[in-house]
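# Architecture at a glance
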Amino acid sequence: MKIQNTNSIIIGYKKRQKRYMFVSIILFVIVLCLASIMMIYGNTIYSPRTVLNVLMGEDIKGATFTIRTLRLPRMLVAVFCGFAFGIAGNTFQTLLGNPLASPDIIGISSGASVAAVFGILILGLDGSTVSIMAVVSGLLVSALIYILAQGDGFSNGRLILTGIGMQAFLNAILSWMLLKASEYDVSSALHWLSGSLNGVRLESVPRLAVVVLVSAIAIFLLNRHLAILQLGEAYAQTLGVRVHMTRLLLIVFSLLMLAFATSVTGPLSSVAFLSGPIASKISGGGRSNMLTSAFTGSILVLASDLVGQFCLPSRYPAGVITGILGAPYLLFLLLRMNRKGE
C-alpha cells in the first residue's frame, strides 16, 4: 500500500513538473511573439527582415531611428518591467500567504510615486534624477512599512494592513500635491502616474536589466526556502531555514526590482497583482510559480501597451489598460474572501 502511495505521489509530481515546463515554454513563446509585434507594428509597419537588419547594425533610412531609438527601448523596458512586477508580486503574495499582498495594493508603489511627483511638481526635475528619487523613496517607504508591522513579532496580516494604511496616506499626499501644483506641470506628473512606456530611453535598459536579472536569480535561489516558509515558521526552523533572514532577503530583492521598474515606467497598476494568480491558475498550484509569473507579467505589459496604442479609438498608456484589468479581479477577490469569512 505504501509503495502504491509513493508511486502515485511521484507520478503526480512528474505530471505537475511537465505541465509547469510546458506552460513556461508557451508563455515564453507568447512573450517573444508580442515583443516581435511591438518591433514590427506601428505607424509604419516594417518587415521582420528589416527589423533584424537594423538590429544587426545596418543603417536603413527611415527605419533605423524608429526601430533602434523608439521601438527597441520600449519593447525591452516592457519585457524587463513586466518580468520584475510579475516576480515581485508573486513573491509578496506567496511569502505573506495573501492574494491582496501585492506591492501596488500595500503602498510600496505609492512610495516611489510620491517622490517622483514631488520631484516633478515641486522641484521641477525630470529624467534620471526623478528615477533615482523614486527608487530611494520606494525602498525607504518599504522599510518603514516593514518596521511598523513588526510589533511583538512579524505578522503577515499586520504588514498588509500597515501597507494599506500607508497607501491611503501617500495617496492623500499625492492628491494634495496635484491640487496645489500649477496646471502646466500637472500633466507631466499625471503622465508618470499613469504608468507609460512613452519616452523610455535605451540608456535606462542596461541598469534596469542588471537589477532585474540579479534580483531574479537571488529570488530563484531562495525559492526552495520560500516554499518551506509556506508550511509555517516553526516547521521551517525545524528544517534549518533561517526564517527572518530568508524573509528579509526575499523582500529586499523584490523591492529592488519593483523600485527600479517603477522608476522607469511609473506605477503600472495591477501587473504585480495579477501575474501570480494568473500563473498559478494556468500552471497549477502547489508551487511558487516564479518563472510563469515573470512571463505573465511581461505578457501583460506588452499586450496592454499594444492594446492601448493600436486597438482603441484613442491612445492610452499601458498603465491605464492594466488598471482596467485589475479592478474587476480585485472586486471578485474581495467578494470571494468575504463569502469565505477571511
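Keep in mind that this is a model prediction, so the values were computed, not measured. (Residues numbered from 1 in each chain as written. Predicted model: local features only at pLDDT ≥ 70, side-chain atom pairs only at ≥ 80, totals over all residues. Heavy atoms only, no water.)

### Looking at the overall build of the chain
Across its full length, the chain carries 14 helices and 0 strands. Taken against the 2.2 N^0.38 rule, which gives 20 Å for 342 residues, the C-alpha radius of gyration of the chain at 21 Å falls within 12% of a compact globule. For the chain, the spread of C-alpha atoms along the three principal axes comes to 70 × 50 × 35 Å. For the chain, the proportion of its 342 residues judged to be buried stands at 49%. Put simply, of all contacts in the chain between residues at least 6 apart along the chain, 74% involve residues at least 24 apart. Counting only carbon and sulfur atoms, one obtains 66% of the accessible surface of the chain, whose full area is about 17,400 Å². Computing the positive centroid from 24 side-chain charges and the negative centroid from 11, the chain places the two 17 Å apart. (Helix = DSSP H or I, 4+ residues; strand = E, 2+ residues; numbered from the N terminus. Rg over C-alpha atoms; globule rule 2.2 N^0.38 Å. Buried < 20%, exposed > 50% of the residue type's maximum accessible area, 1.4 Å probe, protein only. Contact = heavy atoms within 4.5 Å. Areas by Shrake-Rupley, 256 points an atom, 1.4 Å probe, with all protein chains shown as cover. Lys, Arg positive; Asp, Glu negative; His and termini not counted. Charge placed at Lys NZ, Arg CZ, Asp CG, Glu CD.)

### Quick notes on the pattern of salt bridges
Overall, the coordinates contain 1 salt bridge when judged by the stated rule. A salt bridge links Asp305 to Arg74; its shortest N-O distance comes to 2.8 Å. Separated by 231 residues along the polypeptide, Asp305 in helix α13 (residues 290-310) and Arg74 in helix α3 (residues 64-96) bring together distant segments of the chain. Looking at Arg74, the relative accessible area reads 14%, which means it is buried. (Salt bridge = Lys/Arg side-chain N within 4 Å of Asp/Glu carboxyl O.)

### Description of the nonpolar core
Val77, Phe85, Ile87 and Leu208 are the most contacted members of the largest nonpolar core, which has 88 residues in total. For this core, the element with the highest residue contribution is α3, accounting for 16 residues. Ignoring sequence-local partners within four residues, the contact set of Val77 consists of Gly82, Leu197, Val200, Val205, Leu208, Val264 and Thr265. Core analysis: the next-biggest nonpolar cluster, separate from the first, contains 6 residues, Leu100, Phe273, Tyr329 and Leu333 among them. (Core = buried A, V, L, I, M, F, W, Y, C linked by side-chain atoms within 4.5 Å.)

### Details of helix α11 (residues 243-265)
With 23 residues, α11 should cover 33 Å at 1.5 Å per step; its first-to-last C-alpha distance of 33 Å lies within 8% of that length. Just downstream of α11 lies Gly266, where phi reads positive at about 85°. (Expected span 1.5 Å × (residues − 1).)

### Considerations on the packing of aromatic side chains
Evaluation of the coordinates by the stated rule reveals 3 aromatic pairs. With centroids separated by 5.6 Å and ring planes inclined at 50°, the aromatic side chains of Phe28 and Phe295 adopt a geometry described as tilted. Placement of Phe28 in helix α1 (residues 2-40) and of Phe295 in helix α13 is noted, with a sequence separation of 267 residues between them. Ring geometry for Tyr41 versus Phe310: centroids 5.0 Å apart, planes at 90°, classification edge-to-face. Here Tyr41, found in the loop between α1 and α2 (48-55), pairs with Phe310, found in helix α13; they are 269 residues apart in sequence, far enough to count as distant. Residue classification places Phe310 among the partly exposed positions, given a relative accessible area of 30%. Here a set of aromatic residues connected by ring pairs shows up, and it is made of Phe28, Phe83 and Phe295. (Phe/Tyr/Trp six-rings, centres within 6.5 Å; stacked < 30°, edge-to-face > 60°.)

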